[in-house]
Amino acid sequence: MEDTMLRRQIRRSFHPVGWSLVIYYLIMNGAVAAVVFVDVLFRMLQGIASGSMPDADEIMTLAMSNGWGYLLAGAIGLAVLLLWKGRAFWKDEIWAKGRPMTPGAFFTILTVFIGCQMAATIGNTVIEWILNQFGLSAMAALESAAMEVNTLSLFLYMAIWAPFFEEVVFRGLVQRMLLPYGKRFAIFGSAFLFGMYHGNLMQSPYAFLAGLVLGYVASEYSIAWAMLLHMINNMLLGDSMTRILSFLPEETGNLIFLGLTGVCAVAGIILLLASRGKLRADLGEEKMNRQALRGFFSNAGIIVLCVMMVFNMILMLFL
């Protein structure tokens with residue numbers, strides 16, 4: 001009886017984590033849908049007024065590149081978080097500092113972070129091959145993850161606002177809420193939810209790996225360093241590198257990208273092996289709490305979030 005009550009108590013303790021992410025996902029999609037609707041309506045009215053109605057596909061493409069919905073959703077999310085947790089949580093917990101970052105540590109972390117791209121590329125190749133055996137493809141999902149940033153609002157969101165707000169939510173809020181069950185569990189749990197939250201079969205595995213690195217950085221150094229790494233990923237490795245390589249032949253661009261990420265992956269593995277003693281000391285010897293894992297994966301809010309994201313992944317295979 002006591003074990004059953006303990007399991008239920010642990011499961012219930014994850015309600016704020018799961019349901020807060022479900023609610024924010026609905027807020028984000030609602031804000032984006034509202035902005036896209038207004039954008040489409042405005043463009044249609046402009047076309048009617050000018051007497052030259054633009055193509056419907058062109059209208060939707062332009063509207064979908066409008067990042068103001070995402071910016072609005074983030075602002076609403078921050079306001080709700082401040083009301084829910086209060087200023088003390090924002091000031092004293094989210095921005096709590098760890099030990100100073102050294103150039104050597106930053107180089108190691110950045111190398112591992114970039115190397116995760118190679119692991120994701122290999123994983124995506126395997127996923128695509130498996131899907132092809134059933135007459136399916138995830139290339140549309142891959143193209144969606146590598147969305148071209150062609151408006152100021154979308155650039156502000158992808159390069160600055162998303163890294164800032166996602167780190168506040170997943171490393172500042174979620175990871176700290178999981179911390180009572182151990183540092184390893186907190187980093188793993190926040191990374192898992194970060195990966196699932198992307199809702200993209202080809203992007204979620206990379207987001208999970210990146211989440212592990214970002215979780216470690218936020219735990220040992222500070223969330224500010226995690227934000228910086230996240231911005232480097234979105235701004236340089238994502239948008240800027242894509243733009244630069246687009247001027248080269250496709251095969252050449254792919255080789256350069258694979259070469260860079262491959263070198264970083266090898267170097268990252270070597271550096272991780274050399275630093276394994278320090279990592280073990282940072283994370284502690286204690287293994288992840290099994291009861292916490294069972295409660296985490298059986299929590300209703302987390303299950304609902306995962307079902308929503310898996311549905312989104314499947315839906316993208318048929319678009």
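The coordinates are above.
The structure displayed is predicted, hence computed values, not measured ones.

A. Expanded view of the overall build of the chain. Check the secondary structure of the chain and you find 14 helices and zero strands. The helix and strand sequence of the chain, counted from the amino end, reads α-α-α-α-α-α-α-α-α-α-α-α-α-α. By the compact-globule yardstick of 20 Å for 319 residues, the chain fits well, its C-alpha radius of gyration being 21 Å. Projected onto the principal axes, the alpha-carbon positions of the chain cover approximately 70 × 45 × 45 Å. Burial analysis of the chain (319 residues in total) assigns 42% to the buried set.

B. Highlighting the side chain of Glu-166. Within the secondary structure layout, Glu-166 lies in helix H7 (residues 152–178). Nearest to the buried, unbridged Glu-166 among oppositely charged side chains is Arg-171, at 5.9 Å. With sequence-adjacent residues up to four places away left out, Glu-166 is seen in contact with Tyr-157, Arg-171, Phe-194, His-198 and His-230.

C. The packing of aromatic side chains, seen in detail. Evaluated as defined, the whole model comprises 24 aromatic pairs. Ring geometry for Phe-192 versus Phe-297: centroids 5.1 Å apart, planes at 75 degrees, classification edge-to-face. One end of the pair, Phe-192, is in helix H8 (residues 183–197); the other, Phe-297, is in helix H13 (residues 290–297), with 105 residues separating them in the sequence. The partly exposed category is assigned to Phe-297, whose relative accessible area is 37%. These aromatic residues form a ring-pair network of at least three members: Tyr-24, Tyr-25, Trp-90, Trp-95, Trp-161, Phe-164, Phe-165, Phe-170, Phe-194 and Tyr-197. Seen from the ring of Trp-84, Lys-85 lies directly overhead, with NZ or CZ sitting 4.9 Å from the centre. The side chain of Arg-171 reaches across the aromatic face of Phe-194, ending 4.4 Å from its centre.

D. Seen up close, the layout of surface pockets. In this structure, the second largest pocket spans a volume of roughly 750 Å³. Lining the second largest pocket are 27 residues, and of these Val-112, Val-213, Tyr-216, Leu-272 and Leu-279 sit closest to its centre. Counting only elements with at least two residues in the lining of the second largest pocket, the list comes to helix H5 (103–132), H8, helix H9 (204–220), helix H11 (250–274) and helix H12 (276–283).

E. How the structure looks around the side chain of Gln-117. Mapped onto the secondary structure, Gln-117 falls in helix H5. For Gln-117, the residues in contact, after removing those within four places along its chain, are Tyr-206, Asn-233, Leu-237, Phe-257 and Thr-261.

F. Up close: the nonpolar core. Ranked by internal contacts, the top residues of the largest apolar core, which has 49 residues, are Phe-14, Met-28, Leu-178, Leu-193 and Phe-296. Mapped by element, the contributors of at least two residues to this core are helix H2 (15–50), helix H4 (68–94), H7, H8, helix H10 (223–245), H13 and helix H14 (300–317). When residues of this core are assigned to their parent elements, the largest contribution, 12 residues, is made by H7. Among the nonpolar cores identified, the runner-up in size contains 20 residues, and Ile-109, Ala-120, Leu-214 and Tyr-216 belong to it.

G. The arrangement of a nonpolar patch on the surface in detail. A cluster of nonpolar side chains, contributed by Phe-37, Val-38, Leu-41, Leu-45 and Ile-48, occupies part of the molecular surface with about 520 Å² of accessible area. Mapping Ile-48 onto the fold places it in helix H2.

H. Seen up close, the pattern of salt bridges. Within this structure, the stated rule accounts for five salt bridges. Taking the shortest distance from any N to any O, the salt bridge between Asp-282 and Arg-99 comes out at 2.9 Å. In this pair, Asp-282 sits in helix H12 while Arg-99 sits in the loop between H4 and H5, placing the two residues 183 residues apart along the sequence. For Asp-282, a relative accessible area of 14% translates into the label buried. A salt bridge links Glu-220 to Lys-183; its shortest N-O distance comes to 2.8 Å. Here Lys-183 lies in helix H8 and Glu-220 lies in helix H9, a separation of 37 residues in the sequence. Judged by relative accessible area, which is 8%, Glu-220 ranks as buried. Exposure remark for Lys-183: the relative accessible area of 27% places this residue in the partly exposed category.

What counts and how
All chains use their own residue numbering, which begins from 1 and follows the written sequence. Note on the predicted model: pLDDT of at least 70 is required for a residue's local features to be given, and 80 or more for side-chain atom pairs to be given and counted; whole-chain, interface and lining totals, by contrast, use all residues. To get the side-chain values, all heavy atoms of the structure are used, and hydrogens and water are removed first. We count a stretch as a helix when DSSP gives it H or I for four or more residues in a row; a strand needs E for two or more, and each element gets its number in order from the N terminus. Atoms counted for the radius of gyration: C-alpha only. Globule rule: 2.2 Å times residue count to the power 0.38. The classification of residues rests on relative accessible area computed with a 1.4 Å probe and restricted to protein chains. Under 20% of the type maximum is buried, over 50% is exposed, and intermediate values are partly exposed. Here Asp and Glu are counted as negative and Lys and Arg as positive; His is not counted, and neither are the chain ends. One side-chain nitrogen of Lys or Arg within 4 Å of one carboxyl oxygen of Asp or Glu is enough to make a salt bridge. Throughout, a contact is declared for two residues whenever any of their heavy atoms are within 4.5 Å. In this scheme Phe, Tyr and Trp rings, the latter by its six-membered ring, pair at centre separations within 6.5 Å, and the angle between planes marks the pair as stacked below 30 degrees, edge-to-face above 60, and tilted otherwise. Two conditions define a charge located above a ring, namely a distance within 6 Å from the ring centre to NZ of Lys or CZ of Arg, and an angle within 35 degrees of the ring normal. Here a cavity means grid points, on a 1 Å grid over the protein atoms only, where a 1.4 Å probe fits yet cannot get out; a pocket means an open set of points with protein on both sides within 12 Å along at least five of seven lines; lining residues are those with an atom within 4 Å of a point. Grid points are joined across faces, edges and corners, and a volume is the space filled by probe spheres set on the points. The nonpolar core is taken to be a set of buried Ala, Val, Leu, Ile, Met, Phe, Trp, Tyr and Cys residues, with the residues joined through side-chain atoms within 4.5 Å. Patch construction takes residues with relative accessible area above 30% that form no salt bridge. Like charges are linked within 9 Å, and nonpolar side chains (Val, Leu, Ile, Met, Phe, Trp, Tyr) are linked within 5 Å. For the area figures, the Shrake-Rupley method with a 1.4 Å probe applies, and any residue is considered shielded solely by the protein chains shown.

So yeah, pure geometry; function would need other evidence.
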